[in-house]
Amino acid sequence: GGGGGGGGMDDLKQKAKALFDRMDADCSGKLDIGEFVKTFESRGVVLSERVIEKLVQDADIDGDGLLDFSEFLRVVLNLSTSTKH
């Protein structure tokens, strides 16, 4: 394997990948809004669909209404930087 530099980022990517795979219920390699809603609800986080749509739209580079892993990673990074103390 490759030598890992600055572990924090790699660690976050691995966690994000595991979460992405769990969220991707239909194994399509992309997440839709419904998959987001289910995941947040299962964690006891209730977000309105409008909020989730905004998250998805902000990260959805190709505009297909779905997030692939690289787009999903942008959401994770946004959320993780916005919640740092």
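Up top is the structure.
Note that the structure is predicted; figures quoted are calculated from it, not measured.

Student: Mind showing me how you'd approach the layout of surface pockets here?
Tutor: If a probe the size of a water molecule is rolled over the atoms, the empty space left behind becomes visible. Within this model, the largest pocket holds a volume of roughly 340 Å³. In this structure, the largest pocket is lined by 18 residues; those nearest its centre are Leu19, Arg43, Phe72, Val76 and Leu79. Every element with two or more residues in the lining of the largest pocket is listed here: helix H1 (7-23), helix H2 (33-42) and helix H4 (69-82). Top element by residues in the lining of the largest pocket is H1. It accounts for seven residues. Across the lining of the largest pocket, the residue classes break down as 12 nonpolar, three polar and three charged.

Student: What's the story with the packing of aromatic side chains in this structure? I'm lost.
Tutor: In the structure shown here, the tally under the stated rule is five aromatic pairs. For the ring pair Phe20 and Phe69, a centre distance of 5.5 Å and an interplane angle of 75 degrees mean the geometry is edge-to-face. Of this pair, Phe20 sits in helix H1 while Phe69 sits in helix H4, placing them 49 residues apart in sequence. Residue class for Phe69 comes out partly exposed when judged on its relative accessible area of 22%. Grouping aromatic residues by their ring pairs yields a cluster made of Phe20, Phe36, Phe40, Phe69 and Phe72. Residue placement shows Lys17 over the ring face of Phe69; its charged tip is 5.4 Å from the ring centre.

Student: For this particular structure, what's the right way to read the pattern of salt bridges?
Tutor: Enumeration according to the criterion identifies five salt bridges in this entry. A salt bridge links Lys17 to Asp21; its shortest N-O distance comes to 3.0 Å. On the criterion of helical spacing, the pair formed by Lys17 and Asp21 is a turn pair, its members being four residues apart in helix H1. The exposure class assigned to Asp21 is partly exposed, which follows from its relative accessible area of 45%. Notably, a salt bridge pairs Asp58 with Lys54, separated by 3.0 Å at the nearest N-O pair. Of the two residues, Asp58 and Lys54 both sit in helix H3 (residues 49-59), four residues apart, roughly one turn of that helix.

Student: What is the right way to look at the side chain of Asp60 in this model?
Tutor: Take Asp60: it is sitting in the loop between H3 and H4. A polar contact of 3.2 Å, which involves the side chain of Asp60, links it to the backbone nitrogen of Gly63. Apart from the residues within four sequence positions on either side, Asp60 is in contact with Gly65, Leu66, Leu67 and Glu71.

Student: What is the right way to read a nonpolar patch on the surface from this model?
Tutor: There is a patch of nonpolar side chains on the surface, built from Val45, Leu47 and Val51 and spanning about 190 Å² of accessible area. Here Val51 is to be found in helix H3.

Rules of the game
Residues numbered from 1 in each chain as written. Predicted model: local features only at pLDDT ≥ 70, side-chain atom pairs only at ≥ 80, totals over all residues. Heavy atoms only, no water. 1 Å grid on protein atoms, 1.4 Å probe; cavity = no way out; pocket = protein on both sides within 12 Å on 5 of 7 lines; lining within 4 Å. Points joined across faces, edges and corners; volume = space filled by probe spheres on them. Helix = DSSP H or I, 4+ residues; strand = E, 2+ residues; numbered from the N terminus. Nonpolar A, V, L, I, M, F, W, Y, C, P; charged D, E, K, R; others polar. Phe/Tyr/Trp six-rings, centres within 6.5 Å; stacked < 30°, edge-to-face > 60°. Buried < 20%, exposed > 50% of the residue type's maximum accessible area, 1.4 Å probe, protein only. Lys NZ or Arg CZ within 6 Å of the ring centre and 35° of its normal. Salt bridge = Lys/Arg side-chain N within 4 Å of Asp/Glu carboxyl O. Polar contact = N/O pair within 3.5 Å; in protein donor to acceptor, adjacent residues only side chain to side chain. Contact = heavy atoms within 4.5 Å. Patch = residues over 30% accessible without salt bridge, like charges linked within 9 Å, V, L, I, M, F, W, Y side chains within 5 Å. Areas by Shrake-Rupley, 256 points an atom, 1.4 Å probe, with all protein chains shown as cover.

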